[in-house]
Amino acid sequence: MSNVFVIDSDYKPLNPVHPGHARRLLRQGKAAVFRRYPFTIVLKRVVEQPEVQPLRLKLDPGSKTTGIALVNDTNGKIVFAAELSHRGHAIKDSLDSRRASRQGRRQRKTRYRKPRFDNRRRKKGWLPPSLESRLANILTWVARLCRYAPIAALSQELVKFDMQLMENPDIAGVEYQQGTLQGYEVREYLLEKWERTCAYCGKQDVPLQVEHIHPRARSGTNRMSNLTLACEACNTAKGTQEIEVFLKKKPEVLKRLLAQVKKPLKDASAVNSTRCALLERLKALGLPVEWGSGGLTKWNRTTRGLPKTHWLDAACVGKSTPDVLLQKGVIPLRIKATGHGRRQMCVPDKYGFPKQHKERKKTFLGYQTGDLVKAITPKGTFEGRIAIRHRPSFRLEKVDIHPKYMRCVQRSDGYEYTQKGVRHAPPHG
């Protein structure tokens, strides 16, 4: 697993230690468990003038998943890694459901509420709730890791694709635009847009080539709107034919391809909409921030021979990436944003009729839904997330357990965690 975070009795971050060393400190009574996820121990003494090695927190923001890595720039060791899954799509679905429910009430005239359009004011820099949620998740974990580790600098993948470089190659100098990095920008963009499949036959997991939809031999350009991906067989078969001629017997494929050419990158648009706002909020933390493009990240990862994962992409962000990254034994912490519950007092079914009433209080007997607990009962030992009921019987791993057998391990914080195949997820109900 990743290293264990260490703080002293004044809650000042120290150098992360190996899990074996952390076990010895706990066994000898020199430290206590401060937090389960990410695993953090607190020493039972104050360390005067500690010698800490500064770490760099690197982020690879994504529409659905953000990669996080703590890297020691001196020796290239990856100290901690995580993959943070966002819930922006769930927020959008909830807003759409609420909008449809209110519109239905207006149509039925059961509860009239005038629609609001021009009487709303949005402050400067406003973002939709689904995008604001992504920023909040990332900033929450940046602040949390800064409390547990000696972080001295930040790195962020600012843009997925360097669009200015692709449209205007001279923007950053001849040497930059003629190097291998320019090819990585174009190819990475096409891989994302065409979902890593051949545009003509739909094959996956095969070598793909950059293909001109309107052939160069017939005055086709190198613009992004004229490029796609094709396997070697399809690229050879098409040759210099026009796309309408080549796909004459496959009208459905032609229709899909032409529609895909005009289709925007939804996930990339979400990232591009939040990248500058995230950068400004990271700068407000007072730490030096560097940034790089997605093409540079892929170039760093490929030249170092690393596999494609979100947390390794994060470790390869920026020009500060060490020549050698040590990632042996690192198991990333899987973090999934689940939220802090709903404010709905009456839960409707799919037809809009009420089916469940919710209590006004979220806590009962000192617990709330989502708390990570350990229960030692006459029937056995259980550990996981609980779902409270307003009676002395809570749900834990499909078993009803009385709270008197429970001990809270970690309070609910709006996230669920998975590591080493053990999943501690908030229960339903």
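Every chain is numbered on its own, with residues counted from 1 as its sequence reads. Two thresholds apply to this predicted model, a pLDDT of at least 70 for residue-level local features and 80 or more for giving and counting side-chain atom pairs, whereas whole-chain, interface and lining totals are computed over all residues. Where side-chain values are given, they derive from all heavy atoms of the structure, hydrogens and water being excluded.

Draft legend 1. Spatial organisation of the environment of Ser 101. Within the element layout of this structure, Ser 101 appears in helix H2 (residues 88–108). Using a relative accessible area of 37% as the deciding quantity, one classes Ser 101 as partly exposed. Expressed as a C-alpha distance, the spacing of Ser 101 and Pro 348, which sit 247 residues apart in the sequence, is 9.8 Å. In this description a helix means any DSSP run of H or I spanning at least four residues, a strand means any run of E spanning at least two, and both kinds are numbered starting from the N terminus. Burial classes: relative accessible area under 20% of the type maximum marks a residue as buried, over 50% as exposed, and values in between as partly exposed (1.4 Å probe, protein chains only).

Draft legend 2. Structural context of the nonpolar core. What we call a nonpolar core is a set of buried Ala, Val, Leu, Ile, Met, Phe, Trp, Tyr and Cys residues that are connected through their side-chain atoms within 4.5 Å. Formed by 36 residues in total, the largest nonpolar core has its most connected members in Leu 57, Ile 68, Leu 70, Leu 282 and Ile 335. Examining the composition of this core, we find that eight residues originate from one element, helix H3 (residues 129–148), more than from any other. Marked domain ranges trace back to an automatic or database domain assignment. For this core, the two domains that each supply at least three residues are domain 2 (53–104 + 128–159 + 285–337) and domain 4 (360–419). Filtering out sequence-adjacent residues up to four positions away, Leu 70 remains in contact with Phe 5, Leu 55, Arg 56, Leu 57, Lys 77, Ile 78, Val 79, Phe 80, Ala 149 and Ile 151. In this analysis, two residues are considered to be in contact whenever any of their non-hydrogen atoms come within 4.5 Å of each other.

Draft legend 3. Fine view of the sheet that holds strand S17 (residues 380–387). Pairing in this open sheet of five strands is antiparallel, and the strands run S19-S18-S17-S16-S20 from one edge to the other. Pairing within the sheet leaves two strands with one partner each, and these edge strands are strand S19 (399–401) and strand S20 (406–410). Looking at each pair of strands side by side, their axes are set apart by 45 degrees on average, direction ignored. Pairs of strands are assigned from DSSP output, requiring at least two bridges between the strands. Of the pairings in the sheet, the one linking strand S16 (residues 372–377) to S20 comprises four bridges and is antiparallel in character. Its bridge partner lying in S20, Ala 375 is registered against Met 406. The axes used here are C-alpha line fits, helices contributing only the stretch in contact, and every angle between their N-to-C directions lies in the interval 0 to 180 degrees.

Draft legend 4. Region of interest: the sheet that holds strand S2 (residues 31–35). If you trace the three strands from one edge of the open sheet to the other, you get S1-S3-S2, paired in mixed fashion. Looking at the sheet topology across the chains shown, the edges are occupied by strand S1 (5–7) and S2. Neighbour-to-neighbour, the strand axes of the sheet open up by a mean angle of 35 degrees, direction not taken into account. As defined by bridge partners, S1 adjoins strand S3 (residues 40–43) across three bridges and the pair is classed as parallel. Paired with Ile 7 across the bridge in S3 is Val 42. Against the sheet, H3 touches S1, S2 and S3, its axis set at about 60 degrees to S1.

Draft legend 5. Spatial organisation of the packing of aromatic side chains. Here a Phe, Tyr or Trp ring, Trp counted by its six-membered ring, pairs with any other such ring whose centre lies within 6.5 Å, and the pair is stacked when the planes are under 30 degrees apart, edge-to-face when over 60, and tilted otherwise. In total, this model carries ten aromatic pairs according to the counting rule given. Ring geometry for Tyr 11 against Phe 34: centres 5.8 Å apart, planes inclined by 55 degrees, an arrangement best described as tilted. Of this pair, Tyr 11 sits in the loop between S1 and helix H1 (19–27) while Phe 34 sits in strand S2, and the two are 23 residues apart along the sequence. Each ring, one from Tyr 200 and one from Phe 246, has its centre 5.3 Å from the other, and the planes form 75 degrees; the classification is edge-to-face. Here Phe 246 lies in helix H8 (residues 243–246) and Tyr 200 lies in the loop between helix H6 (180–193) and strand S8 (208–212), a separation of 46 residues in the sequence.

Draft legend 6. Spotlight on unusual backbone geometry. Put simply, Tyr 37 and Pro 38 share a cis peptide bond, and its omega is -10 degrees. Note that Pro 38 resides in the loop between S2 and S3. The phi dihedral of Asp 205 is positive, around 55 degrees, even though this residue is not glycine. Relative to the assigned elements, Asp 205 resides in the loop between H6 and S8. We classify Asp 205 as exposed; its relative accessible area is 82%.

Draft legend 7. Structural view of the pattern of salt bridges. Salt bridge, as used here: a side-chain nitrogen of Lys or Arg that lies within 4 Å of a carboxyl oxygen of Asp or Glu. One pass over the structure, following the stated rule, counts 16 salt bridges. The salt bridge partner of Asp 96 is Lys 92, with a shortest N-O separation of 3.1 Å. Of this pair, Asp 96 and Lys 92 both sit in helix H2, four residues apart, which is roughly one turn of the helix. Given the relative accessible area of 43%, Lys 92 is considered partly exposed. Measuring nitrogen to oxygen at the nearest pair gives 2.6 Å for the salt bridge that ties Lys 308 to Asp 313. What makes Lys 308 partly exposed here is its relative accessible area of 45%. Salt bridges sharing partners connect three or more residues here, namely Arg 35, Arg 144 and Asp 413.

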